[in-house]
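# Tertiary structure, described
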Amino acid sequence: MRCDAKLKELSLYIDGKLAGNKRQALDEHLAKCPLCKAHLEGLESLRSSLGNLSPIKESTNFDLEFNRLLDKRLNKQRARLWNWKEAIAGAGASLRESIIYPVPAVVKVAASLVLVVTVLFGVRYQSLQKVPYVEFMSGEIKIYRPSNQTWVMPTPDMRLKPGDRIHAEDGAILNIASKERYKMRVKDKSLIVISKLESGLRNIDTDLSISYGNILVNTTKEFKGSKMKLYTPACEAEVVGTAFMVRVFENRTWLGVLEGKVKIVSKVHPLKTKDEQRIATHVSSGQKARIRSYYYPTIPQLFTEKEWRSIQELYQLQESQQIMLLIGTGSNRIDNLLRAAPLYIPDIRKHDMPKNIQSLIGNIKDAIENDNTALVNQHSRELELLLEKGPGTRYNVELLMFIASHYHQTRNPQDAMRVFEQVLNEYPESQMAPLAQCAIATIYEKDLKEINKAERVYKQLLKAYPDSVDAIRAQEALSSLR
Amino acid sequence: MEEELILRAKSGDREAFDELYQRYKRPILNYIYRFIGNRADAEELTQEVFVRAYVNIQRFEPRAKLSSWLYRIAGNLAKNHIRHAQYDKRVASVKKSTYEGSDDEFDVIEAIEDRAKKPDEKLASKETERIVQETIDQLPAHLKEALILCDIEGLSYEEAAKIMRCRPMTVGSRLWRAREKLAKMLHYIKNGETKR
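Residues numbered from 1 in each chain as written. Chains lettered and ligands numbered in written order. Predicted model: local features only at pLDDT ≥ 70, side-chain atom pairs only at ≥ 80, totals over all residues. Heavy atoms only, no water.

### Re the overall build of chain A
For the record, the criterion: Strands are runs of DSSP state E lasting at least two residues, helices are runs of H or I lasting at least four, and both sets are numbered from the N terminus onward. Here the term buried applies to any residue with accessible area under 20% of the maximum for its type, exposed to any over 50%, and partly exposed to those in between, with areas from a 1.4 Å probe on protein chains only. Contact definition: two residues touch when any of their heavy atoms are within 4.5 Å. Here the open area of atoms and residues is found with the Shrake-Rupley method and a 1.4 Å probe, where only the protein chains shown may cover a residue.
For chain A, the helix and strand inventory stands at 15 helices and 15 strands. When burial is assessed residue by residue, chain A has 45% of its 482 residues classed as buried. Of the contacts formed within chain A by residues at least 6 apart in sequence, a portion of 52% connects residues at least 24 apart. Counting every atom, chain A has about 25600 Å² of accessible surface; 53% of that belongs to carbon and sulfur.

This is the structure:
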């Protein structure tokens, strides 16, 4: 007899899972089939052997290891909440962990769709963030939008589009910002077309065609990787991470660079050379260049006093709104400092500063504009006394530097030096300290003509602040003194 | 009361969780050990089971049995471990077969024969236990799961079915096939005797 059909029943039989009549039939079969009987005994014996396998015990430091592991995982989880990058990794881990909860395929597909949509939305959001928008405007400005074939009035937060034609009238100001990449200001009578606007996940490429008008651009550290090109009738200017100002007239372009560098490419007329030539020039910080259509570009020159003051407006386009002394960040910033550096106080910071200090700063500014050196000196002294007596502000260092800068402007190098020394002694950790020390050395060198002392202070600066930008200046000064 | 401990653990009470951990760590450790056959790895995986349980305790529904939930986490981790280990093995393409053609063949047969003479005697010796474990290791994961839960851990078909997320009768069929294979490999039943 073939007993194959009984085998499964034998297994159920020993577990007591065989229903009444089947069990009875099997009992009868077992009574007469020695093979099945032996098989049954084999299975039973296997089962009892397995049941008797001796259990293992955990090793001695098992609990300790477990608690350490659990603490570690919990700490990681807490940290993950604060870090979005970790959060994405965590999502992966949770997906892996979710195997403890097998879910239906429909849920998995739905979850994947949600994930994909979220990621796409995130990418789109990231690139949308960089699309420049109208931050502020005043005066008569209108924008022609080719897609609608209509003129629209700009409104705050309005996103700009490629092809937009910006038309500003005299006295108008339009601030445009690409979040974390750059800020621009279009001012006075201007006509500018946004010829290209492509925003990626990390970068934004902006091309502007400027028929005429004024534009100021201030890029941020995050600008790296992004591109900006300005096309004027006379030249093309390519931005290399910088703050600069462009004035465009019908057949000439004026370019002034406050920080960083701008590369300009101008066209030279074929009659002047054999073929049309394109000549590239780099304009660096503190320099200006004039470019006329089909002429060789002028060699970049230093700003005049007036130009230098006008370009300070760029500091208003900073990403972070801090009270700051308007000086460059290059090694020539000492020159900016020693000619009455203005103090920029953004509106949102005005509540931080006592009113009497603010009004004195205003008085000093007015006196400078009226070239009244006696009054500049007087107000500077008043401000110094006020700082000495009154409670200090968060911006004491900037204010002291401002005072010293104005003393120097009024041909009062002794007082200037005294205040610079105060900064150096009281705020040696401040970013202004090396600048103050450099100013002292420069005053010795240029104003007091005490070369030995100048040399000594430059050397001290090199020793105390070797990594500062002012150390470069000190090095240059020392080699020229020798 | 286990329910109370679970509620306390859910509210972040680590002491309550520790009590549950002490209660279940050994059954889970043994379950995983039988599943993967390696003690050190089994300890690591057991710790991972309880870490995951603590982290995900909010997701545990109190009407289910905690032990079933823990066994399920353990089973999934063990299966994953085996999958990875098999992949590693394929890559290394070594690892001799425990049975046929192995150097231990003689010892194995001797041990089996010895036990076959006294089938009801407890599998006491370390060596025999090792052979049984190595034989279990050769079973496919789904059969192994049924065998360990029912025959070693002593759970009912219904309890095992909840852990394995299948019907109790499926547990019965898997158990039958596991026993048949194991019994043949360990010579509890003779190969030619009851051929399917």
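### Observations regarding the nonpolar core
The criterion, for reference: Remark: nonpolar core denotes a set of buried residues (Ala, Val, Leu, Ile, Met, Phe, Trp, Tyr, Cys) joined through side-chain atoms within 4.5 Å. The domain limits used here are those given by an automatic or database domain assignment.
Formed by 82 residues in total, the largest nonpolar core has its most connected members in A:L50, B:F17, B:I28 and B:L70. When residues of this core are assigned to their parent elements, the largest contribution, 12 residues, is made by helix α2 (residues 14–36) of chain B. Three or more residues apiece are contributed to this core by two domains, here domain 1 (1–30) and domain 2 (68–128) of chain A. With residues up to four places along the chain from it excluded, the contact list for B:I28 reads B:T46, B:V49, B:F50, B:L70, B:Y71 and B:A74.

### Here we look at unusual backbone geometry
The bulk of non-glycine residues show a negative phi, and the bulk of peptide bonds are trans. If you check the backbone angles, A:A340 has positive phi at about 50° while not being a glycine. For A:A340, a relative accessible area of 2% puts it in the buried group. Its identity as a non-glycine residue notwithstanding, B:R165 has a phi of 55°, on the positive side. Position of B:R165 relative to the elements: it lies in the loop between α8 (157–164) and α9 (168–185).

### Description of the pairing of strand β5 (residues 173–178) of chain A
All names here are of chain A. In plain terms, the rule: DSSP bridges decide pairing: two strands pair if at least two such bridges lie between them.
Along β5, five of the six residues are buried, which leaves the element largely enclosed by surrounding structure. With five bridges joining them, strand β1 (residues 133–138) and β5 adopt antiparallel strand pairing. Within the sheet, the bridge partner assigned to F136 lies in β5 and is N175. Note: β5 against strand β6 (residues 182–199), six bridges, orientation antiparallel. Across the sheet, N175 pairs through a bridge with R185, a residue of β6. Connecting β5 to the antiparallel partner β6 that follows it, the hairpin turn spans three residues, and E180 within it adopts a positive phi of roughly 65°.

### What about the interface of chain A and chain B?
The following threshold applies: By convention, the term buried area covers the 1.4 Å-probe accessible surface removed from two parts as they join, with the contributions of both added. Whenever Lys or Arg places a side-chain nitrogen within 4 Å of a carboxyl oxygen from Asp or Glu, that contact is recorded as a salt bridge. Any pair of N or O atoms that falls within 3.5 Å is considered a polar contact. Within protein, one atom must be able to donate a hydrogen and the other to accept it, and sequence-neighbouring residues count only if both atoms are side-chain atoms. Each residue gets one label: Ala, Val, Leu, Ile, Met, Phe, Trp, Tyr, Cys and Pro are nonpolar, Asp, Glu, Lys and Arg are charged, and the others, such as Gly, are polar.
Contact with chain A, which involves 46 residues of that partner, is made by 58 residues of chain B. Counting the surface lost from both chain A and chain B, the interface buries some 5100 Å², and carbon and sulfur atoms represent 58% of this. Inspection of the region where chain A meets chain B yields seven salt bridges. The tally of links from chain A across to chain B stands at 19 residue pairs in polar contact (both at pLDDT 80 or more). Those elements that provide at least two residues to the side of chain A that touches chain B are α1 (7–14), α3 (34–51), α4 (62–82) and α5 (84–97) of chain A. Tallied by class, residues from the side of chain A that touches chain B come to 20 nonpolar, 12 polar and 14 charged.

### Structural notes on the environment of A:I440
Residues and elements named next belong to chain A. In this fold, I440 is placed in helix α13 (residues 433–447). Overall, the relative accessible area of 4% leaves I440 in the buried class. Ignoring sequence-local partners within four residues, the contact set of I440 consists of M417, F420, E421, L424 and V457.

### Details of a nonpolar patch on the surface
Using the following cut-off: Patch definition: residues with relative accessible area over 30% and no salt bridge; like charges joined within 9 Å; nonpolar side chains (Val, Leu, Ile, Met, Phe, Trp, Tyr) joined within 5 Å.
A grouping of A:L115, A:V119, A:V123 and A:L201 is seen on the molecular surface, where their side chains present a nonpolar patch of about 340 Å² in accessible area. Tracing the sequence through the fold places A:V119 in helix α6 (residues 105–130).

### Quick notes on helix α10 (residues 373–389) of chain A
Residue and element names in this part refer to chain A. Our working rule: How far a helix is expected to stretch is found by multiplying one less than its residue total by 1.5 Å. The arc refers to the directions leading from the helix axis to the C-beta atoms.
The terminal C-alpha atoms of α10, which comprises 17 residues, lie 24 Å apart, in line with the 24 Å expected from a rise of 1.5 Å per residue. Burial in α10 covers these residues: V376, H379, S380, L383, E384 and L387. Looking straight down α10, one finds that the buried residues subtend no more than 145° of arc, so they occupy a single side. The outward face of α10, more than 90 degrees from its buried face, is lined by the exposed residues A374, E388 and K389. Elements in contact with the buried residues of α10: α9 (355–369), α11 (396–409) and α12 (413–426).

### Re the packing of α2(B) against helix α7 (residues 141–152) of chain B
Residue and element names in this part refer to chain B. Worth spelling out the cut-off: Note on definitions: angles span 0 to 180 degrees between N-to-C directions of axes, and those axes are lines fitted to C-alpha atoms, for helices only across the stretch in contact. Roughly parallel covers angles under 35 degrees, roughly antiparallel covers those over 145, roughly perpendicular covers 65 to 115, and oblique covers all other angles. For a crossing to be left-handed, the near helix must be turned anticlockwise from the far one by less than a right angle; the clockwise case is right-handed.
Running from N to C, α2 and α7 cross one another at 140°; their axes reach a closest spacing of 10 Å. On the basis of the axis angle, α2 is oblique to α7. Considering the relative orientation of α2 and α7, their crossing is right-handed. When α2 is examined against α7, the residues Y31, R34 and F35 are found in contact with a partner set consisting of A141, K144, E145, I148, L149 and I152.

### What to know about the side chain of A:T232
Residues and elements named next belong to chain A. Relative to the helices and strands, T232 resides in the loop between β8 (227–231) and β9 (235–248). One polar contact links T232 to T253, side chain to side chain, over a distance of 2.8 Å. Ignoring sequence-local partners within four residues, the contact set of T232 consists of I210, V248 and T253.

### Focus on the pattern of salt bridges
Going through the model one piece at a time under the given rule, you end up with 25 salt bridges over all chains. Taking the shortest distance from any N to any O, the salt bridge between B:R14 and A:D71 comes out at 2.6 Å. A residue pair is termed interchain when its members come from two chains, as with B:R14 in helix α2 and A:D71 in helix α4. Judged by relative accessible area, B:R14 falls into the partly exposed class, the value being 26%. You can call A:D71 partly exposed: its relative accessible area is 35%. The closest approach of N and O atoms between B:R23 and B:E2, which form a salt bridge, is 3.4 Å. Placement of B:R23 in helix α2 and of B:E2 in helix α1 (residues 2–10) is noted, with a sequence separation of 21 residues between them. Judged by its relative accessible area of 39%, B:R23 falls in the partly exposed class.

### Some thoughts on the confidence of the model for chain B
All names here are of chain B. In plain terms, the rule: Summary of the metric used: pLDDT quantifies the predictor's per-residue confidence within the range 0 to 100.
On average, residues of chain B score 80 in pLDDT, and 77% of them reach the 70 mark or higher. Note that pLDDT drops below 50 for residues 94–120; the model gives that stretch 27 contacts with residues more than four away or on any other chain. In this model, residues 192–196 is a region of pLDDT below 50 whose contacts with residues beyond four sequence positions or in other chains number 12 contacts.

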